[in-house]
Amino acid sequence: MAGVGDATAQREGGGGAADIPEREGHGEAEQPGGGGHGPPPAPQHTETLGFYESDRRRERRRSRAELSLLRFLSAELTRGYFLEHNEAKYTERRERVYTCMRIPRELEKLMVFGIFLCLDAFLYVFTLLPLRVFLALFRLFTLPCYGLRDRRLLQPAQVCDILKGVILVICYFMMHYVDYSMMYHLIRGQSVIKLYIIYNMLEVADRLFSSFGQDILDALYWTATEPKERKRAHIGVIPHFFMAVLYVFLHAILIMVQATTLNVAFNSHNKSLLTIMMSNNFVEIKGSVFKKFEKNNLFQMSNSDIKERFTNYVLLLIVCLRNMEQFSWNPDHLWVLFPDVCMVVTSEIAVDIVKHAFITKFNDITADVYSEYRASLAFDLVSSRQKNAYTDYSDSVARRMGFIPLPLAVLLIRVVTSSIKVQGILSYACVILFYFGLISLKVLNSIVLLGKSCQYVKEAKMEEKLFNPPPTSAPSKPSSKSQNKCKPSQGISTEENLSASVTSQPLHQKENVIPLLVTSNSDQFLTTPDGDEKDITQENSELKHRSSKKDLLEIDRFTICGNRID
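Residues numbered from 1 in each chain as written. Predicted model: local features only at pLDDT ≥ 70, side-chain atom pairs only at ≥ 80, totals over all residues. Heavy atoms only, no water.

Undergrad: Account for the packing of helix α12 (residues 295-326) against helix α16 (residues 405-419), with residues named and values stated.
TA: It is the contact of α12 with α16, at a shortest axis distance of 10 Å, that shows an interaxial angle of 15°. Classified by the angle between their axes, α12 and α16 sit roughly parallel to one another. Where α12 crosses over α16, the two elements pack in a sense that is left-handed. The residues of α16 that touch α12, namely those facing Val314, Leu317, Ile318, Leu321, Arg322 and Glu325, are Leu408, Leu411, Leu412, Val415, Val416, Ser418 and Ser419. Grouping the amino acids of the contact of α12 with α16 by side-chain chemistry returns nine nonpolar, two polar and two charged. (Axes fitted to C-alpha atoms, helices over the stretch in contact; angles between N-to-C directions. Helix = DSSP H or I, 4+ residues; strand = E, 2+ residues; numbered from the N terminus. Parallel < 35°, antiparallel > 145°, perpendicular 65-115°, else oblique. Left-handed = near helix turned anticlockwise from the far one by under 90°. Contact = heavy atoms within 4.5 Å. Nonpolar A, V, L, I, M, F, W, Y, C, P; charged D, E, K, R; others polar.)

So, in structure tokens, the structure goes:
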């Protein structure tokens, strides 16, 4: 403390704190220059250190005196910050909120359009397919009267129509050997947990059947219509036909078990099974929200949701028909079923909205992508009306969404014929009127869908893909010929080409003509940029962005069950 007293005395004597460095420097300068044999004088340094320590102590005492609870509260109440210092982050968060708010509207637009597409393909089986089969059989039986002008007895489309009709008739008679009442009581006798497990297994089996079923039908159609040099080659159609009949029959039984389980849930007293089955939809959120999804994966999931929702609507229709039959078509019982039906439909819609909202949020996908998906589905409808169409529209829906209408149609015909008894002339007249009403509904639905599809294709600027051939890596002679053929039609507007091609009938293509539609290429539609390719030029990124849009036309049900993207 002596050093502190000396420093205070010096400050009172007029030295002050400013003189301390000068004195230190003076003391250092007065050291003997040639000595260097000892340390500098210690008292001056100890005085300086003591002075600084005293100042620090005074500041600590002053700060402690200033600390108080009121000052802390006032600081917390008046503390401010500026969000504009991180403007990009908060702007991105706001856009995510806006995207989540737009998801329900955009998703339901896609769902409604897709459901009407499935309805159009489903009504085709009941309305136009019988008429097409009748015309094909009429041509087959009357062709010898006019002579064989063509090498083919029937056109490929007519052969496929006859095969579909024969499969429907055979499976319908086979379904008569399946007792619905026995199946209902057998399932009703099981416990709730068993039924819950059975229902989950049936959903998985339905997806697997849908994945493999269309391959069986496509193999049958191609085997029956491919050009054959020898007559023995036609024998190969027989095993494919039996495989297709077996598939449609087993898939129809599978859907019947699903409908029966749902019917048991509706008729249970405490509704516990129905509640468990509805909670199963929310488990789907856990299995899909926290996974990485690309644009193509989300398109597959959207198609799967459309197919699942339409199938559930048909199952609810079957359940209502069976229940109304048991209660002698009492309209009062329909209002008893109405709350349960609304609960099933509402839970399905809520699960889809929540699932898609969080998937788009976690993967930075905008809500505008659903309009692209809708345009891709519309492209299928418009392309099936082209002259160079290579498939029927119902088959294209099956390939795109995994929805196969034949097993569901067989089951619905079986349930309707067993629930409604037709007796008397008046009943048959009502059936005929109902059939004409279905034809009118099919035609009206097709016209509206075709107009909307043309509108969506034009808005997405995809009409060029309907007329221009796809670019080839190595141009050949046939491609140059096809380009020369397309040149005279360039003077006509695209809208005229689109309207003319939609209303025209498809023509048989020769072998040397390249199809003008985008062909399926599994090696190209699953190409997604890796993380190591971020330093590519802007031109390459634009080309990849364009290819990703075109890749949506290549997505079908081959990867729809497990969202398998390599």
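Undergrad: I'd love a proper account of the UniProt feature "transmembrane region" (unreviewed entry) in the chain, names of residues and values included.
TA: Mapped onto the present numbering, the UniProt feature "transmembrane region" (unreviewed entry) falls at residues 161-178, 241-266, 403-420 and 426-451. Within residues 161-178, the helical portion is 83% and the strand portion 0%, while the C-alpha atoms at the span's ends are 26 Å from each other. Secondary structure across residues 403-420 comprises 83% helix and 0% strand; the distance between its end C-alpha atoms is 27 Å. (UniProt positions renumbered as here; feature names shortened; annotations may be inferred.)

Undergrad: Give me the nonpolar core: which residues, what numbers.
TA: Formed by 108 residues in total, the largest nonpolar core has its most connected members in Ile167 and Phe266. Among the elements that make up this core, the one with the highest residue count is helix α10 (residues 237-267) (17 residues). When residues no more than four places from it in sequence are discounted, the contact partners of Phe266 are Lys271, Leu274, Leu316, Val319, Leu337, Asp340, Val341 and Val344. (Core = buried A, V, L, I, M, F, W, Y, C linked by side-chain atoms within 4.5 Å. Buried < 20%, exposed > 50% of the residue type's maximum accessible area, 1.4 Å probe, protein only.)

Undergrad: Provide a residue-level description of the packing of aromatic side chains, including the pertinent values.
TA: By the definition in use, this model includes 13 aromatic pairs. Each ring, one from Phe241 and one from Phe242, has its centre 6.1 Å from the other, and the planes form 70°; the classification is edge-to-face. Taking 5.9 Å as the distance between ring centres and 65° as the angle between the ring planes, the aromatic pair formed by Trp335 and Phe338 counts as edge-to-face. Of this pair, Trp335 and Phe338 both sit in helix α13 (residues 331-362), three residues apart, which is roughly one turn of that helix. The class for Trp335 is exposed, based on a relative accessible area of 61%. Through a chain of ring-to-ring contacts, three or more aromatic side chains come together here, namely Phe122, Phe126, Phe310 and Phe403. Between the NZ or CZ atom of Arg374 and the centre of the ring of Tyr456, over which it lies, the distance is 4.4 Å. (Phe/Tyr/Trp six-rings, centres within 6.5 Å; stacked < 30°, edge-to-face > 60°. Lys NZ or Arg CZ within 6 Å of the ring centre and 35° of its normal.)

Undergrad: Go over the packing of α10 against helix α11 (residues 272-289) with me, naming the residues and quoting the values.
TA: At a closest axis distance of 6 Å, the pairing of α10 and α11 adopts a crossing angle of 125°. The angle between α10 and α11 falls in the class oblique. Here Thr261, Leu262, Val264, Ala265 and Phe266 of α10 lie close against α11, whose contacting residues are Leu273, Leu274 and Met277. Here the residues of the contact of α10 with α11 are counted per class, giving seven nonpolar, one polar and no charged.

Undergrad: Got a sec to walk through helix α5 (residues 87-126)? Specific residues and values, please.
TA: Over its 40 residues, α5 runs 58 Å from end to end, which matches the ideal 58 Å to within 8%, given 1.5 Å per residue. Along α5, the sharpest change in direction is near 40° and occurs at Ile103; proline Pro104 comes one to four residues later. (Expected span 1.5 Å × (residues − 1). Bend = angle between axes of the 7 residues up to and from the residue.)

Undergrad: Mind laying out the pattern of salt bridges, listing which residues take part and the relevant values?
TA: Tallied over the entire structure, the rule returns 18 salt bridges. The partner of Arg96 in a salt bridge is Glu92, and the shortest N-O contact between them spans 3.2 Å. Here the residue Arg96 and the residue Glu92 both occupy positions in helix α5, the gap between them amounting to four residues, near one helical turn. Classification of Glu92 by relative accessible area gives partly exposed; the value is 40%. The shortest N-O distance in the salt bridge between Arg322 and Glu325 comes to 3.2 Å. Here Arg322 pairs with Glu325, and both are found in helix α12, just three residues apart, close to one helical turn. By relative accessible area, which is 24% here, Glu325 ends up partly exposed. Three or more residues joined by partner-sharing salt bridges are found here, namely Glu108, Asp305, Arg309, Asp352 and Lys355. (Salt bridge = Lys/Arg side-chain N within 4 Å of Asp/Glu carboxyl O.)

Undergrad: Describe a positive patch on the surface, listing the residues and the values that go with them.
TA: A grouping of Arg56, Arg57, Arg60, Arg61 and Arg64 is seen on the molecular surface, where their side chains present a positively charged patch. Here Arg57 shows up in helix α3 (residues 43-66). In this structure Arg57 comes out as partly exposed when scored by relative accessible area, which is 48%. (Patch = residues over 30% accessible without salt bridge, like charges linked within 9 Å, V, L, I, M, F, W, Y side chains within 5 Å. Areas by Shrake-Rupley, 256 points an atom, 1.4 Å probe, with all protein chains shown as cover. Lys, Arg positive; Asp, Glu negative; His and termini not counted. Charge placed at Lys NZ, Arg CZ, Asp CG, Glu CD.)

Undergrad: Let's hear about the confidence of the model for the chain: which residues, and what values?
TA: Mean pLDDT over the chain: 75, with 71% of residues reaching 70 or higher. Contacts of residues 1-37 to residues separated by more than four positions or lying in other chains number 21 contacts, the stretch itself having pLDDT below 50. Low pLDDT (under 50) marks residues 469-494, which in the prediction has 11 contacts with non-local residues, meaning those over four places away or in another chain. (pLDDT = per-residue confidence, 0-100.)

Undergrad: Which residues make up the environment of Met278, and what values do they have?
TA: Among the secondary structure elements, Met278 is positioned in helix α11. For the pair Met278 and Val345, spaced 67 residues apart in sequence, the C-alpha to C-alpha distance is 9.7 Å. Ignoring anything within four residues of it in the chain, the contact list for Met278 reads Met343, Val344 and Ser347.

Undergrad: Describe in detail the environment of Leu128, supporting the description with residues and values.
TA: Turning to its location among the elements, Leu128 is positioned in helix α6 (residues 128-146). The sequence separation of Leu128 and Ile439 amounts to 311 residues, and the corresponding C-alpha distance is 7.4 Å. Excluding residues within four positions of it along the chain, Leu128 makes contact with Leu123 and Lys442.

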